[in-house]
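Coordinate analysis (summary)
Take a look at the letters that make up each chain.
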Amino acid sequence: MESAFPVRAFAAWAVAQAGTAAAELSNRLGGRTAAVVDPDLALAWFAGSFTPQGWEVPPPWDSLAGDYPCADGWIRLHTNAPHHRHAALAVLGLAVDPVPDRETVAAAVAGWTGETLEGAVAAAGGCAARMRSAREWAEHPAGMRVASEPLISWAGLGSAPRLIPQSQPERPLAGVRVLDLTRIIAGPVATRFLAALGANVLRIDPPGWAEPAAEAELTPGKRCARLDLTSADDARRIRELLAGADILVSGYRAGALAGLGLDSPRLQQISPGLVEVSLNAYGWSGPWAQRRGFDSLLQMSAGIAHAGMEYFGSAVPRPLPVQALDHATGYLTAAAALRAWRQRLDGRVFSARLSLARTAAQLQGTAGANRPHGTAGPDGRSAVPEPPATAAAEPLEQIPEQTFWGPGLRLAPPVRFEGTGPQPHLHWDVPAGPLGSAAALWEARPL
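This structure is a prediction, so every number in the text was calculated from the model and none was measured.

What to know about helix 5 (residues 114-123)
Regarding helix 5, the residues found buried are Gly114, Leu117, Glu118, Val121 and Ala122. When helix 5 is viewed along its axis, its buried side chains cluster within an angular range of 130° and face the same direction. Elements in contact with the buried residues of helix 5: strand 3 (66-70), strand 4 (73-77), helix 3 (82-92), helix 4 (102-109), strand 5 (128-130) and helix 13 (295-301). Remark: Gly125 follows helix 5 within two positions and exhibits a positive phi of approximately 90°.

What about the sheet that holds strand 4?
An order of 3-4-5 is seen for the three strands of this open sheet, with the pairing classed as antiparallel. Each edge of the open sheet carries a strand with a single partner, namely strand 3 and strand 5. The average angle at which neighbouring strand axes cross in this sheet is 25°, direction not considered. Relative to strand 5, strand 4 is paired through three bridges, and the arrangement is antiparallel. Along strand 5, the bridge assignment pairs Leu77 with Ala128. Here helix 4 sits on the sheet in contact with strand 3 and strand 4, set at roughly 40° to strand 3.

Overview of the nonpolar core
In this structure, Phe46, Leu173, Phe193, Leu194, Tyr331 and Leu338 are the most contacted members of the largest nonpolar core, which totals 90 residues. Core analysis: the second largest hydrophobic core is formed by 20 residues, Ile204, Ala225, Ile238 and Leu248 among them.

Details of the side chain of Ser355
The residue Ser355 is located in strand 12 (residues 348-355) in this model. Among the polar contacts made by the side chain of Ser355, one reaches the main-chain amide nitrogen of Arg358 at a distance of 3.0 Å. The contacts of Ser355, once residues within four sequence positions are left out, are Glu149, Asn280, Ala281, Gly283, Trp284 and Thr329.

Points about helix 10 (residues 232-243)
For helix 10, built from 12 residues, the straight-helix expectation of 16 Å at 1.5 Å per residue is met to within 8% by its first-to-last C-alpha distance of 17 Å. Within the span of helix 10, buried status applies to Ala235, Ile238, Leu241 and Leu242. Considered in projection along helix 10, the buried side chains sweep an arc of 115° and stay on one side of the axis. Exposed and facing more than 90 degrees away from the buried side of helix 10 are Ala232 and Asp233. The secondary structure elements touched by the buried residues of helix 10 are strand 7 (177-181), strand 8 (200-205), strand 10 (247-250) and helix 12 (264-270).

Scoring rules and cut-offs
- Residues numbered from 1 in each chain as written.
- Predicted model: local features only at pLDDT ≥ 70, side-chain atom pairs only at ≥ 80, totals over all residues.
- Heavy atoms only, no water.
- Buried < 20%, exposed > 50% of the residue type's maximum accessible area, 1.4 Å probe, protein only.
- Helix = DSSP H or I, 4+ residues; strand = E, 2+ residues; numbered from the N terminus.
- Arc of directions from axis to C-beta.
- Contact = heavy atoms within 4.5 Å.
- Pairing = 2+ DSSP bridges.
- Axes fitted to C-alpha atoms, helices over the stretch in contact; angles between N-to-C directions.
- Core = buried A, V, L, I, M, F, W, Y, C linked by side-chain atoms within 4.5 Å.
- Polar contact = N/O pair within 3.5 Å; in protein donor to acceptor, adjacent residues only side chain to side chain.
- Expected span 1.5 Å × (residues − 1).

Written as C-alpha cells, this is what we have:
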C-alpha cells in the first residue's frame, strides 16, 4: 500500500502496544509470555479483517460522502449517518428528499470557502473538514492544543480494594465486564481486542443507529443492545449496567457523558473502582474538543491528506490507504484498558483519555511527506524503522468463521504470544452479529 507515511510500521507498532499490554496482564496472572506482531497481518487488519463467503457487506460510504473542491481548496463531507447528511444538505440549501446527486452537491460546495462551510456544517450538527496542510494545522488553535496533549492522558482516580483475579493467563480478561459506549471505528476495535482476551463486552447503541458495513468487522465477541440514554427509564438502566461493570470504554465527545450526569465522580459513585477509558476525535482540551469527527475528517484537518497530495503529486487529496487513525487509536485504547485493569487488580484506579487527533500527530511524527519512512518513533523516543517485508508474497492466513449473516473468513490475529506455560489465545466466544440484537443485561459471572 503506497503512502506518504509508514502505515505498515505504524500498524505493527499500534498492535504491539495492545499485544504487549495483554502479555503483561497474562504475566501478572502467572503466565510467562511475550507478544510477537506480524506487520503484514497488522496492516491487513487495518484494511479489514473479514471477507464474507456467499454474501456481501454493504458499501462503507454514503453516496454523498467524500472530497469536494470549494472556493479556496478542498473540503470533505461525512454523510454516512442520515442526520449528518441532512445537516450538510441543509447548510448547502439542498433538499433532503430526494437525495441530490454528487454533481449538485459539488456545485453548491464550490461557492463556499472551506473554513466557512466547515464551521457552518459543524454548527448544524454535521461533519465536515477543510483540507489543511500540516503547517496550517500546527498553527490552528485546535491543532496547537492537540499537540500539547499526551498520546494517552492518565489520571488517578484513587484506590479500591484489591481484586482476586478470576482469570487465567490464557484468557486474562475472562469474567471482566466491559461496557462499550463507542461507535465507528476506534472504540469498537478496542473492545473487539478486549473480547478476544475473554472480556464480557456489552455494547450499547442508541435506537436507530446502524453500521451495516462495519458490523461483521467490529462485533465479534460482543453482545449488542440498545438504550436511549436521554429517556428516564434507559438512563436508569445504564446506571444499573455501570454498577455491574469493571471497565467503561466510551467514545463520546468531551463533556457529553457529563451532560448525561455521568462525569467521572458520578461514575465512581455508581461503580467504585470502575476503570474509565475514553476517546474522541479532536482532543480533550482545545476549541474543537466537542467537534464531531471521524478518521477521514482528521486526515483532512491535520494535514495528512495534504501531505499525501504533495508526496504523490496528486491533483486531489490523497489520504492514507487505510483508516490508520481509527485502528491505531483502537489498539492504543485496548492497551490503556489492559494496563489500567492490571493496576486495578492491585487496588489502584485509573482513567485514560485518547483521541484520533493525537494519534494523527503520532503518525506524523514517524515520517513526513517526501522524507524517508521511519525517521522518528511513535513513542517520541526511538526510531521505528519499517519492518522487513515478507520474503514471499504468500496469502495471509484466514480462519473460517460463522457470523449472524453467514460464513466468512477472518484473518489470523495480527499478534501471537510466545513463551513458557499457558499462552493467551485470541478468539471470540460470541459470533459477530447485528447491533441491537441482545438484551441490555449482564451475563452471570462464571463461578
